[in-house]
Every structure is written in structure tokens, then in C-alpha cells.
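Fold and geometry: a report
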Protein chains: 2
Amino acid sequence: MTRPPLASGYRLTGISCGIKPGTQRRDLAFIVSARPASAAGVFTQNRICAAPVQVCRERLPARDVRGVVVCAGNANACTGAQGLADARRMTELAAAALGCEPRQMLVASTGVIGRPLPMPAVEAGIAQAAAALADTPAALDDAAHAILTTDTHAKLAGRTLALPTGTIHLTALAKGAAMIGPNLATMLAFILSDAAVTPNDLQAILGRAADRSFNCISVEGHTSTNDTVLLLANGPGEPLAGAALQAFAEAVEEVCIELARAIVDDAEGATHTITLEVSGAADDAEARLIARTIANSPLVKTAIHGADPNWGRVVSAAGYAGVPFAESELSLWLGELPLYLAGVPQPFDPAAASAYLRANRTVHLRLTLQRGTGACRFWTSDLTAEYVRLNADYTT
Amino acid sequence: MTRPPLASGYRLTGISCGIKPGTQRRDLAFIVSARPASAAGVFTQNRICAAPVQVCRERLPARDVRGVVVCAGNANACTGAQGLADARRMTELAAAALGCEPRQMLVASTGVIGRPLPMPAVEAGIAQAAAALADTPAALDDAAHAILTTDTHAKLAGRTLALPTGTIHLTALAKGAAMIGPNLATMLAFILSDAAVTPNDLQAILGRAADRSFNCISVEGHTSTNDTVLLLANGPGEPLAGAALQAFAEAVEEVCIELARAIVDDAEGATHTITLEVSGAADDAEARLIARTIANSPLVKTAIHGADPNWGRVVSAAGYAGVPFAESELSLWLGELPLYLAGVPQPFDPAAASAYLRANRTVHLRLTLQRGTGACRFWTSDLTAEYVRLNADYTT
């Protein structure tokens, strides 16, 4: 991972204030824009959604957001009225430190569900963070680390675009690790831009980008309560339009895909990233449904982990996705190796297929149907004993 | 497990003929009715369905079935036209050995997907089995063992009913272990009865019983290509009706539930059976959708395995089931312990909750909504490192 340059007009930090118990790890991030920014968000589609998600949903899209405060180690989900009050209080404290209105501040959390936030620690932490804000590479690193939970490393991405109206930057940070299932994933991502974009354009661009990135990844298919992707654009002057807006949208999508893949690559206990390409479906949604069903099959995931070319598990997972295809139109390739063509198993060398799975951290499965032009690219991880170990003892 | 008595008019056996490579384990079962029997079946809902499933679907319901031939170790799924010819050939050989029409013979398979059946071994095996048919307890045991794959033990259930028209018996054998996800599961079950029942009644009774048993279990949620449940009733005389038919239907449902639970109890690598009770849904289907979503969450399953009362995972899984409930109407109990009542987390002793999970092989989760009277009881297993180990290296 190369650290991207920080978009102009932003300061940020990540500090440790005791939300992650028994550790000195950073657990509170604060991101601030010098200027009121357009802001858009996409969120978990879980009926049970965390308090900070509810607060952000109320406030977005907006044209004058000044910052985001994020805590890691506690999800502030399933915490009732107290949790909602705590999330609002976080924005009040952050706004007071900055001298703006609470409604101009956004909030996100990730961590254990169902425990009240340790508010004394959070309050002290926000004050500490406000004093530490900076626009340095170290500050970006600190913020990227402060939003992590069981991730093994920080996830950053960025783009610099030279537009006719001037150069703009995208700087993005994310966390993932587990409870990653569309839509979205237990993931947080914050994309900071110094472009000028209207809130409505920003929302449309983010929705489309998330649909092709964060909504196309899965670790174990468990949709979180806290998924939050925020996109800020604090550029002054005339909002982007036409080709410049299109270039900005493409850069946002690229950054989202880069972060989404980084989340899957760092999935808990994973030893493989599996790229699924499904085409020939009736439409893109149908292709994604098939890809997601394969991605969430523990039998597919353990087979890949074991370097076992047990392709029947892939084909049978496609078969229960709920898409009414005929077996005779289904084909499957592992890497370049055809395993199943138009419903007929192909002779192949299991040792060679197994060697491909052992030699590559990222492996490719390609499925084709003959129903239409719908297609999807989807990323998932394998399932390992280490994932089980990590998740059999997370809260206690 | 107590071995039930064998329903009258049946002979059966299980022999070893080399379908499971590199082992002397029994792998071919043959079940024969002395009289033509009414027969009904329910099957996988996977679009990719094995050749024997296709053959049984063509032939059922029927009024003159004479037997079932079953092979374990090879699923005969994704095997194209050759697989279909092989499945038909199995019924021809079995019928010839018995002196009946091939259409009077049913067939089932379980095992690895995508490999042609070793027909010379199967053909010799059917001849060997036909010579070994018996109505002894040992023969029932042999048949019950011959249909297993990674199951650790045979699964038998039975009922004896004293009806006004005479005493009838149900004798049932099943296999499970993994690739168990509704609807149905990678499971085979054969229920033999000496009652007289019309094929139409038999089909209706079996469909309803499967819906409340085999369609309410999950190991990892992967719907198999081979799921087959067959119900035979070979009783002479007037078909059951009225209260007697109702008693028979209840006994069939009880047997199906007993076998379904036995399958979950013997899930690959499992250390817990989890009973989910969902009530207060708008209808039963909605309750089942919530139960199934919780049952298939690896995060829920690993938490139970780790004796970790991480109830947020249960609540959040309910939240992404696709049922539009409000968080404020959701309550959750672990055993007798209330964890979440009407959207509010309850104080509880994590050590006591963890002790409950450690002390009990079967643990209970109860969820209530306030949408209506829909309810479901669902059984699943926990997810362990042993499950991963077993499934990371199954074919190779």
C-alpha cells in the first residue's frame, strides 16, 4: 500500500482513548474539513442499524459538513435510546471543539454490538483528538489505524486528477476484516475530496460506485449493523459538471473498488482472495445474486482454502441462487482451466488445478450462462480454521 | 439411538462394492418391498439436480413401487447424459434382480459431484445386494450404514401405531453430515411403512412433514444437488382415511423431525446443536426466513462454538433476513436468559451465559417479533475448525 497524498483542506488524526479495552491501540479518529463540504453516504441495509448510522442518515446528503468522528471497538448498535443519545453527543462534542453546528458533524462506529459506549473515554478522546488534528502523512496514518478492529493493516487509497478546472485529489481510508456481507459489509470507508461537487451528484456517484465495489464483496455474508461509506467534497467554486464530473465519478469508483478488494484481501484468517466473474445472466442483479451465493458458500470457501478443485460445490451453489437457469447452459472455468462446459464435466488434471490454487493468493472462477448480458465481478475470501478461531472468541 | 422394528413386507441390505474408493465401507443399499407400494418423494430445489433425482421425479408419486437402490460416495450429479443413463441403468439392474419393471424402482445417490459412476462396481454391487436382502435387524443396520458419507453414525427412527384397522409401522433411515441447507439438505431419507395409503395422500403428508423437518435444518446453508426423501407405504387393503390417516401423518412428521435433528446433531465437526424458535412473525414463512438467516451466519455459529454470548450477531443476522420488522419489536432469549427485550439490551452475566453454552450440547435461542402469529422451529449446528478441516480436503 502506497500512502496517497491528502486532499487539500482536510486535517485528521487518530488517537487512543480506551474504547478498545486492554490495549493502547488507536480507537478514535477525527476528520475535519476546513470548509463546509458536500457530503453523501451509503449505509447498511440491515433492519438493525447502529445509532451513528441513524444519525448520518438523518443528515445526508448535505452541503455543509465539517467533519466525521469515528470510534472503533464499540459498534454503538442495539444500544437503544441511550446509544442514539451517545451518537448525537459525539457529534455535539466534535462540533463544539471545531466551532460549528452539531448537524454539520457526522459519526461512525465499529466493534462489538450491544454494549453502551464508554462515554467518559469517548468525551476525553474527542477533546484529545481535536487538539491533535493535522494535515500530515503521519496524521493520515493515525486516522487510518484508529478505525480498524481486527484488520491486520490500514487500508488507504487515493487518486489525483488533473482536470481542466484544476487538479483534484481523492484520499480514502477504510476498515473491514469480518461481518462482511453485502449490502454493504462491516466496513467503514471515508473518501475525502477537494473537488467541488453538488450533494446530489455526490450521492448518485457514491451510490453507483458502492454498488460495484462494496456491494460486490463478502467475507462470510453477515450484513453488519454499522456499514458506513461517506464521501466528502470540499472544493470551492463551481461544481464539477460534464466530462470533469464523469472523470471524478470514475475515480471514486476506482477508489471504492481498491478499498473493497483491500478489505477482502485482509479478511479474518483468509489465505485466498477469490475473484468471481459471472456473465450471461439476464441482468446484472441476477449475475450478482449468483456470485454472492457462491461467495457465501462455506463449502466453496473451504475447498479453495484446501486447494481442492471441487468444482461441484461451485456449480451446485450457483444452482440454489434462485436464478432459473438450465444446467445445460452453465459453464465454469478455474483460472484458464475449463471444468464444466454447457453442463458437461470436462476432463482435467486435478493436480494442476490444485497447484494453481496453492500457488496463487488470488484465484479466479468464471461462470457463464446463456440468458443475456448481465454480468458481475465479485470478491470474496476463503474460510479457514483461523477465521473460526478468531470468531469463536471475540467478545469474551 | 434405538433400532426401530422393520415395517412388514420389506427386505433390505447394505454392502460394499468399491464406490467409496480406498475403503471397505458399505456404499450400496438396496431396499425392497414384497408388495407394490404407494410412494412419494420430495427433492432438492437446486437447479442443478443429480441424475437419480431426475429419475425419481419422473416416477413419483406412484402406486406400485417395489424398491430403492442407493449408492454413497458418488453423487452422480453434474454428470450429463451419461449420468442419467447410469441412474436409469441402476434401476434396470435392480428391477431385473427383483423381477419387476424398471419404472417400479427408485434410485438415490450421495457423495462427490461431477464424477462418473464406477458402473462396473455398481453393477456387481447390485447383484451382490440382491442376494443379501433380508428383513433382519442386522440388514437394517447394514442399509443405514451403506447410505452414509461423512456421518459419524447411522440414523434410524421409527414409530408403531395401533390403529383401529390394525397396527402399522414406520421405519426410517437417513444420512446427512454436510451440504445441509434448506431446501432440503444433502440428505437422503427413506421412510418405509406397512400402512395402506394412496399415493396422493402420501405425497401431501410427506410434503408437509418435510416442510417442518428437513426444510427447517441447516448445517452451512449449501443446498445440495441430491436431496431425496422417499416415503413408501406397502400396506394391503383399504387406504387409511380420517383419524387413522391423520395419526399416520403425525407419525411421519415425528419421524422426519427426529431424523432431521439427528442430521444436525451429527453435522460435520459440530460441537453444538442450536435450536432456534422464532415467533410473532407475519407468517410461518417469514419466521423461517429469519431462523434460516440466523442459522446460516458463520458469525453466530462460531460464537456458539466459542461459548461466547455475543448476541449482537444473532440480532444483526435477523436484521438482514429481508423481513421489514422494527428493532423496537425484537426480543431475544438465550435459554431462559433474556438478552434483548423490545429493542433494549438487558443486563446479564456473561459468565453465566457462557457457562450455559459450555454445559449444553443443545442450546436454545428464542426470538420474538410483534408482527403476527407466524412461527418456526429450526435446527442448526455450530461452525468449528474441524468443519473447515474436513471440508478443505474432501475430494483430493
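Numbering of residues starts from 1 in every chain and runs along the sequence as written. Whichever chain is written first becomes A and whichever ligand is written first becomes 1, with later ones labelled in order. A pLDDT threshold of at least 70 governs which residues receive local features in this predicted model, and a stricter bar of 80 or more applies before side-chain atom pairs are shown or counted, although totals over entire chains, interfaces and linings include all residues.

Residue and element names in this part refer to chain A. All domain edges in this entry derive from an automatic or database-based domain assignment. Segmentation of chain A into domains returns domain 1 (10–265) and domain 2 (273–392). The C-alpha-based centres of domain 1 and domain 2 are spaced at 32 Å. Here the contact rule is simple: place C-beta atoms from the backbone, and any two residues whose C-beta atoms are within 7 Å are in contact. Across the contact, 13 residues belong to domain 1 and 13 residues belong to domain 2. We count a stretch as a helix when DSSP gives it H or I for four or more residues in a row; a strand needs E for two or more, and each element gets its number in order from the N terminus. Elements with a contribution of two residues or more to the side of domain 1 that touches domain 2: β8 (217–218) and α6 (242–265). Top element by residues in the side of domain 1 that touches domain 2 is α6. It accounts for four residues. Just so you know the grouping, Ala, Val, Leu, Ile, Met, Phe, Trp, Tyr, Cys and Pro go in nonpolar, Asp, Glu, Lys and Arg go in charged, and all remaining residues, Gly too, go in polar. The residue inventory of the side of domain 1 that touches domain 2, partitioned by class, reads seven nonpolar, four polar and two charged.

Attention now moves to unusual backbone geometry. Residue and element names in this part refer to chain A. The peptide bond linking Leu 60 to Pro 61 adopts the cis configuration, its omega dihedral lying at -5°. Its place among the elements puts Pro 61 in the loop between α1 (51–59) and β3 (62–74). Phi is positive for Ala 342, which is not a glycine, with a value near 50°. Judged by the 13 C-beta atoms lying within 10 Å of it, Ala 342 is partly exposed. Here the C-beta atoms are placed from the backbone, and a residue counts as buried if at least 20 other C-beta atoms lie within 10 Å of its own, exposed if 12 or fewer do, and partly exposed otherwise.

Residues and elements named next belong to chain B. For Gly 374, the location among the structural elements is in strand β15 (residues 374–381). Taking the C-beta count within 10 Å as the criterion, Gly 374 has 20 such neighbours and is therefore assigned buried. For the pair formed by Gly 374 and Ser 279, sequence separation is 95 residues and the distance between their alpha carbons is 5.8 Å. Those residues in contact with Gly 374, other than ones at most four positions away along the chain, are Ala 281, Ala 282, Asp 283, Asp 284, Glu 286 and Ala 287.

Turning our attention to helix α11 (residues 385–392) of chain B. Buried residues of α11(B): B:Tyr387, B:Val388, B:Asn391 and B:Ala392, and no others. The buried residues of α11(B) occupy an angular sector of 120° when projected down its axis, which confines them to one face. Where the residues of α11(B) are buried, they touch α8 (298–305) and α11 (385–392) of chain A. This arc corresponds to the set of directions leading from the helix axis out to the C-beta atoms.

So, on to the interface of chain A and chain B. Of the residues lining the interface, 52 residues belong to chain A; the matching set on chain B comes to 52 residues. Among the elements that make up the side of chain A that touches chain B, the one with the highest residue count is helix α9 (residues 311–319) of chain A (six residues). Looking at the side of chain A that touches chain B residue by residue, the class counts come to 24 nonpolar, 22 polar and six charged.

Our focus in this paragraph is helix α3 (residues 119–130) of chain A. If you check α3(A), its first and last C-alpha atoms are 16 Å apart, about what 12 residues at 1.5 Å a residue would give, namely 16 Å. Its buried side turned inward, α3(A) meets β1 (10–15), β2 (28–43), β3 and α2 (80–98) of chain A. Multiply 1.5 Å by the residue count of a helix minus one, and that product is the helix's expected span.

Attention shifts here to the confidence of the model for chain A. With 96% of its residues at a pLDDT of 70 or more, chain A has an overall mean of 90. Taken together, the chains of this predicted complex give a pTM of 0.81 and an interface ipTM of 0.78. One confidence number per residue, pLDDT, is output by the predictor and ranges from 0 to 100.

Another aspect to go through is the packing of helix α2 (residues 80–98) of chain B against helix α3 (residues 119–130) of chain B. All names here are of chain B. Helix axes are fitted to C-alpha atoms over the stretch in contact, other axes to C-alpha atoms as well, and angles between N-to-C directions run from 0 to 180 degrees. Taken N-terminus to C-terminus, the directions of α2 and α3 make an angle of 25°; their axes are 10 Å apart at the nearest point. In this view, α2 runs roughly parallel relative to α3, as classed from their interaxial angle. Seen along the crossing, α2 lies across α3 with a hand that is right-handed. Facing Asp 86, Arg 89, Met 90, Leu 93, Ala 94, Ala 97 and Leu 98 of α2, the residues of α3 in contact are Met 119, Val 122, Glu 123, Ile 126, Ala 127 and Ala 130. Each angle gets one of four labels, with under 35 degrees taken as roughly parallel, over 145 as roughly antiparallel, 65 to 115 as roughly perpendicular, and the rest as oblique. It is the rotation of the near helix from the far one that decides the hand of a crossing: anticlockwise by less than a right angle makes it left-handed, clockwise makes it right-handed.

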